[in-house]
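# A look at the structure
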Amino acid sequence: MDTSLIARLLCDRGLMPVPASADELGAFSRVMSHRGIAGYLSACLTQTGFAASGVRVKSLPQLREENGEDSAPGGFIFPFGYLVVATSVGGNAICFSAGDGKVYWADHTAFDGNEVAIQNRKTQEWSYLPFSETNIPKALELLDDDMGHFLCRLLQDELDADLEALDT
């Protein structure tokens, strides 16, 4: 991911990226093994977070909260390598995967520690599987194969309609 491009897009929005030190990012060591996530956390966060494409992109303190034990979906999926980076009005999340570097949509009601709820978007029907590392990806909706590409589109407010449709 080209962090300098993301930083420029942030500046174009009147936002100043705030570099984060390794000490400040210690809580995220589980996902820092992915180069794109490490670059994003180190060089592309802002002081207070911001709105883009109809979602709220989180600052470092907000990331700690969104991925903490008591948060949904972050508290359930962060231990398995998914970093919540933004949330929708409906409380759903956009997350980066340290496993494959992709960007996913996670419904805030899909995880409860006992089971994973999966909604068929065509039929609107729900199915339920035991909560496990294997079943978590089954409840996620792929948004983009590339974090950098996704962030560029997000920061240029190109994803409003797509993300709003998922938030229903």
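The coordinates are above.
Presented here is an overview of the structure given in this document. (Residues numbered from 1 in each chain as written. Predicted model: local features only at pLDDT ≥ 70, side-chain atom pairs only at ≥ 80, totals over all residues. Heavy atoms only, no water.)

The next thing to look at is the pairing of strand β5 (residues 103-106). Alternating positions in β5 separate into two faces, V103 and W105 on one and Y104 and A106 on the other, with burial throughout. Relative to β5, strand β4 (residues 93-97) is paired through 4 bridges, and the arrangement is antiparallel. Across the sheet, the residue bridging to I94 is W105, located in β5. Between β4 and β5, which pair antiparallel one after the other, the connecting turn spans 5 residues, and G101 there sits at a positive phi close to 75 degrees. Summarising the sheet, β5 and strand β8 (residues 140-144) pair through 4 bridges and their orientation is antiparallel. Looking at the pairing, A106 lines up with L140 of β8. (Buried < 20%, exposed > 50% of the residue type's maximum accessible area, 1.4 Å probe, protein only. Helix = DSSP H or I, 4+ residues; strand = E, 2+ residues; numbered from the N terminus. Pairing = 2+ DSSP bridges.)

Ranked by size, the top nonpolar core spans 37 residues in total, and within it F28, Y40, L41, I94 and L154 carry the most contacts. Ranked by residue count, the leading element in this core is helix α5 (residues 147-155), at 6 residues. If we skip the residues at most four places from it in the chain, L154 touches R13, A52, S53, V55, V57, L159 and L163. (Core = buried A, V, L, I, M, F, W, Y, C linked by side-chain atoms within 4.5 Å. Contact = heavy atoms within 4.5 Å.)

Right, let's get into the side chain of D107. The residue D107 is located in the loop between β5 and β6 (115-119) in this model. The buried category is assigned to D107, whose relative accessible area is 13%. Here the side chain of D107 touches T109 through a polar contact of 2.5 Å, side chain to side chain. Discounting chain neighbours no more than four positions away, the residues touching D107 are P73, N92 and W126. (Polar contact = N/O pair within 3.5 Å; in protein donor to acceptor, adjacent residues only side chain to side chain.)

Here the focus is the packing of aromatic side chains. Considering all chains together, one arrives at 5 aromatic pairs under this definition. Taken together, a centroid distance of 5.8 Å and an interplanar angle of 70 degrees make the contact between F80 and F131 edge-to-face. On the criterion of sequence distance, the pair formed by F80 in the loop between α4 (74-77) and β3 (82-87) and F131 in the loop between β7 (126-130) and β8 is long-range, its members being 51 residues apart. Ring geometry for Y82 versus Y104: centroids 6.1 Å apart, planes at 80 degrees, classification edge-to-face. In this pair, Y82 sits in strand β3 while Y104 sits in strand β5, placing the two residues 22 residues apart along the sequence. Judged by relative accessible area, which is 11%, Y104 ranks as buried. (Phe/Tyr/Trp six-rings, centres within 6.5 Å; stacked < 30°, edge-to-face > 60°.)

The next point concerns the side chain of S59. Summarising the element assignment, S59 is placed in the loop between β2 (55-57) and α3 (60-66). Take S59: its relative accessible area is 3%, and that puts it in the buried class. Apart from the residues within four sequence positions on either side, S59 is in contact with T46, Q47, T48 and G49.

Below, the discussion takes up empty space enclosed by the protein. Taken as a whole, this structure holds 1 cavity of 30 Å³ or more when the rule is applied. Empty space within the largest cavity amounts to approximately 30 Å³. As for the largest cavity, its lining consists of I6, L10, Y40, C44, F50, V57, L151 and L155. Taken together, the residues that form the lining of the largest cavity break down as 8 nonpolar, no polar and no charged. (1 Å grid on protein atoms, 1.4 Å probe; cavity = no way out; pocket = protein on both sides within 12 Å on 5 of 7 lines; lining within 4 Å. Points joined across faces, edges and corners; volume = space filled by probe spheres on them. Nonpolar A, V, L, I, M, F, W, Y, C, P; charged D, E, K, R; others polar.)

So, on to the pattern of salt bridges. One pass over the full model with this rule turns up 4 salt bridges. Ionic pairing is found between R13 and D157, a salt bridge with its closest N-O pair at 3.1 Å. Taken together, the residues R13 in the loop between α1 (3-12) and α2 (35-43) and D157 in the loop between α5 and α6 (160-166) connect sequence positions 144 residues apart. (Salt bridge = Lys/Arg side-chain N within 4 Å of Asp/Glu carboxyl O.)

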